[in-house]
Amino acid sequence: MADFTWVWAGPTCTMQLAHMGADVIRMESMRRPCFIRTLPPWPDGRPGLNRSGYFNQYNQGKRSILLDLSKPEAVDIAKRIAAMSDIAVENFAGGVIDRLGLGYEELRKVKPDIVMISMSGYGKTGPESGYVSYGPAQVPLSGMSTLTGYRDWPPMHVGMSYGDPTAGLHAAYAVLASLYHREKTGEGQYIDMSQCESTMVLLGEGIMDYTMNGTQPPRSGNRVPKMSPHGIFRCAGEDRWISIACGSDVEFAALCEAMGRRELADDARFRALADRKGHEDELETEIEAWTLTQDAFELRDRLQAKGVAAFPPMLNRELAEDRHLNERGFFVEKEHPEVGVRKHAGIPWRMSATACEVWRAAPTIGQDNEYVFGELLGFSSDQIADLVAREVIH
Amino acid sequence: MACALEGLSVIECGPNIAASYASKLMADLGADIIKVESPAGDPARTLGPFPGGKADPEASGTFLYLNSNKQGVTLALDKPKGRAVLDRLLADADVFIQDYPPGEAEALGLTYQRIREANPRLIMASITPFGLSGPYRGFKAYDLTVASAGGWTAVNGWPGRPDMPPLRAFGQQTAYQAGVNAAVAVMGAAFQQLKTSRGQHIEVSAQECIVSILELTFVMWSYMEVPAVRWGQRPIHPIDFFECKDGWIFVLCLEEHQWKSFLDMMGNPEWGEWEVFANPFVRASNWDALKPLIQEWVSEWTVDDLYRAAQTKRIPFAPVSTMADLLNSQHLKARGFFAEIGHPRTGDLKYPGAPYKLSGTPWELRTPAPRLGQHNEPVLGGRLGLSPEEMASLRKDGVVA
């Protein structure tokens, strides 16, 4: 794979394919290093292009080479890599890849059946196609913010740059579907992806409300129309909470039993879903008066033992130490030359018959120059020295 | 023009929307999906939104959106005869996607061990809240508790307001995430199936799907032992909402040149030179002081004027869109993002389209979501060749609705 991506969305796409064994070659620039290489977290707080946990999380299992794509010779090298690739991925703002001379029309000349995807913020067509966009802005842009938030409070973000991973995953899916088509027909193709639309497709319930009724669901905190209780309640300790959701009257009765308040299940205010929805403030007050005295994790186990869905909002440390995730072997800890062994989130799926793993830690910048320029492209050491001297490669 | 996944045969079932979303992604690129519902119907039929707010299992917006382009049959999988019919469907299929919780899947015989006997080249995907192994595998879960178990709600409360609880994002995002992850893994397996005819089992954990997209929050612990904070870890600023004259705008400067351009737009105020705002990291530590200065300037603008003006200078601001804004967007109209399709109960409606356009193979809405049991005859009678007597007997036994 010829990987021209940067920041978070594009790298998420190419990482999915790396997970399944694709040989992903990141083409990076020293003049404008990948933005997230410059962001924390860094071990000991000491910055460095190879030290960012953010970059290292989303570039596991890839190679990296350094070249200066403002130079025609570097563009030719990139094309030689594309000619050896099945897939090319880029997520510059609309039009940038064409100006670099590495657009689909150019790449298909050197590799007629290549599958190429452009993941721009707004897509390649339409009046806003040239606009710049990043994952954090796609949450409000997509409409997600006006649907998310506390009752009668302002629109909210969702705590992460949701547009990025969402675009990356949908892009990986579209690439694989195209690869499937190519395997059957021999035909490659070009995919024009709009990152902000990839969040909109996850808001079907909100958009359909508007197209059916001309309204949109009000922001409702943690409540939903078809379940009650459905909330996050304060527990003992500072900033400790537990989420509890009951999908049926039976589950609600089990919750009441765990609370030692069986009578609540027969209370006319709470008996059936419609009753509970009509008295949700009172119900939540009753529940929180009880959870406030409880340890969140002990409570989770007691409620789960009774078949009630409950889980504390997990902090990063709790995830890292979580016995379930560790027992399942979810985390990846590969040796990295500059940050040592660190815990990273792994692959959220397992495949029984094909290898599916992170084969090595994220690359340091230009880590694979020798392999790619020398072994793969066949440049002699003199040629490489000359290219370096002329700053075509670094 | 042929669709990318033409000829790929997929069977889908389960009580959640994760399997529905995974197979929707495939249906819309041309795969042949048979959705197996219980005789009572997919629970998504009860979720709405409904036209006029009136509950109708044939008009639930969630169900209609997720199940267009599919054929629907009803089968009682808790009855041996229902399972036998499912096995016959699976015998000729390429892919089977289901999202029953592990215990229920086992009780229904939907284990890979058993399914592979019916069809060794089948790809089976099991989508569950916590995976098929580990101490939480049997935990009861809904979107809210999975979002919490994955570390999402902890980063999504209002910052600086510890009296307000951690918060979910709108909709059933954990199910959508599990669904798209499943679609990725299934397509990887399907690509290999084309080459080797080998089947396999894919197991997706929704909790892990969330942990793997926490941006820099998770690694903040493993690299620096910095605990998760609300709104996620924002080491740099500005990244925030501001109020304009007529609504909200999202102000974002990630790269330093974008900040410089923004200062320029604001007429290079004196405070732009202050040491305390000199780089993105100190702007973040001094955000409480900086935010009101930006707010004062922003409040003179309308959302649309500020959005266009910023984008003209290549600063990535964004409007805080309502659903109406999306449906009225000239950009989305020009791209043909919304797709319209008729349905006997709701009439013509616009649906969200696809976030991608494939140059050689179409994405399209061909048929609306199936009515309950709409394709029992063509699929069970036609495709499987059950005789009218067999069909009648299945109906009598409550196996087929």
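### A short note on the sheet that holds strand β8 (residues 241–245) of chain A
All names here are of chain A.
Thinking step 1. An order of β7-β8-β9 is seen for the three strands of this open sheet, with the pairing classed as antiparallel. With one partner strand each, in any of the chains shown, β7 (230–234) and β9 (309–311) form the two edges of the open sheet. Averaged over all neighbouring strand pairs, the angle between strand axes comes to 20°, with direction disregarded.
Thinking step 2. Across five bridges, β7 lies against β8 in antiparallel orientation. Looking at the pairing, G231 lines up with I244 of β8.

### Focus: the domain arrangement of chain B
Thinking step 1. By domain assignment, chain B separates into domain 1 (9–212 + 335–396) and domain 2 (239–321).
Thinking step 2. If you average the C-alpha positions of domain 1 of chain B and of domain 2 of chain B, the two centres end up 42 Å apart.

### Section: the interface of chain B and chain A
Thinking step 1. Opposite the 124 residues of chain B that make contact, chain A presents 123 residues.
Thinking step 2. In terms of residue count, the dominant contributor to the side of chain B that touches chain A is helix α7 (residues 173–196) of chain B (15 residues).
Thinking step 3. Of the residues assigned to the side of chain B that touches chain A, the class counts are 78 nonpolar, 34 polar and twelve charged.
Thinking step 4. The pairing of strand β12 (residues 349–351) of chain A with strand β6 (residues 200–205) of chain B spans three bridges and is antiparallel. Residue pairing across strands places W349(A) opposite V204(B), the latter belonging to β6(B).

### Details of the packing of helix α1 (residues 9–19) of chain A against helix α8 (residues 163–185) of chain A
Residues and elements named next belong to chain A.
Thinking step 1. Two elements in contact, α1 and α8, have axes separated by 7 Å at closest approach and are oriented at 45°. By the criterion of interaxial angle, the relationship of α1 to α8 is oblique. The handedness of the crossing between α1 and α8 comes out as right-handed. Here α1 contributes A9, G10, T12, C13, Q16 and L17 to the contact with α8, which in turn contributes D164, P165, A167, G168, L169, A171, A172 and V175.
Thinking step 2. Its residues assigned to classes, the contact of α1 with α8 comprises nine nonpolar, four polar and one charged.

Parameters at a glance
- Residues numbered from 1 in each chain as written.
- Chains lettered and ligands numbered in written order.
- Predicted model: local features only at pLDDT ≥ 70, side-chain atom pairs only at ≥ 80, totals over all residues.
- Pairing = 2+ DSSP bridges.
- Helix = DSSP H or I, 4+ residues; strand = E, 2+ residues; numbered from the N terminus.
- Axes fitted to C-alpha atoms, helices over the stretch in contact; angles between N-to-C directions.
- Domains from an automatic or database assignment.
- Contact = placed C-beta atoms within 7 Å.
- Nonpolar A, V, L, I, M, F, W, Y, C, P; charged D, E, K, R; others polar.
- Parallel < 35°, antiparallel > 145°, perpendicular 65-115°, else oblique.
- Left-handed = near helix turned anticlockwise from the far one by under 90°.

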